[in-house]
Amino acid sequence: MRIIVTVVEKITSEAHIDIPDGLNQSTIRQHIVDRYNSGAMSTDMNIFQVDFESINAQIVQENSSPNHA
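The following refers to the structure shown. Values in this document were obtained by computation on a predicted structure and should not be read as measured data.

Cut-offs used in this document
Residues numbered from 1 in each chain as written. Predicted model: local features only at pLDDT ≥ 70, side-chain atom pairs only at ≥ 80, totals over all residues. Heavy atoms only, no water. Helix = DSSP H or I, 4+ residues; strand = E, 2+ residues; numbered from the N terminus. Expected span 1.5 Å × (residues − 1). Polar contact = N/O pair within 3.5 Å; in protein donor to acceptor, adjacent residues only side chain to side chain. Patch = residues over 30% accessible without salt bridge, like charges linked within 9 Å, V, L, I, M, F, W, Y side chains within 5 Å. Areas by Shrake-Rupley, 256 points an atom, 1.4 Å probe, with all protein chains shown as cover. Salt bridge = Lys/Arg side-chain N within 4 Å of Asp/Glu carboxyl O. Buried < 20%, exposed > 50% of the residue type's maximum accessible area, 1.4 Å probe, protein only.

This part is about the environment of Gln61. Mapped onto the fold, Gln61 is located in the segment after strand 2 (46-60). Put simply, Gln61 and Ile3 are 58 residues apart on the chain and 8.8 Å apart in space, counted from C-alpha to C-alpha.

Right, dumping it as structure tokens:
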């Protein structure tokens, strides 16, 4: 018997970054979004917490293969 198990988790990452002093709240948000979108912050991200969301199991017939999207 073959079973496909799918686990869904919510991962919370944390990054400690330095930003220039004197920025207002809107500018700080934009600075963080720009840094994230450019990929510059991804190397600073550390997994802080993982929350289990769900688990699902599907039985697959032996003579068929699962569809991959």
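Our focus in this paragraph is helix 1 (residues 25-38). The terminal C-alpha atoms of helix 1, which comprises 14 residues, lie 20 Å apart, in line with the 20 Å expected from a rise of 1.5 Å per residue. N-capping of helix 1 is provided by Asn24, with a side-chain oxygen placed 3.2 Å from the backbone N of Ser26. Gly39 occupies a position one or two residues after helix 1 and carries a positive phi of about 90°.

A contiguous nonpolar patch, built from Met1, Ile3, Val5, Val7, Phe52, Ile55 and Ile59 and spanning about 780 Å² of accessible area, is present on the exposed surface. Looking at the nonpolar patch, the elements with two or more residues in it are strand 1 (2-14) and strand 2. With respect to the secondary-structure elements, Phe52 resides in strand 2. A relative accessible area of 54% places Phe52 in the exposed class.

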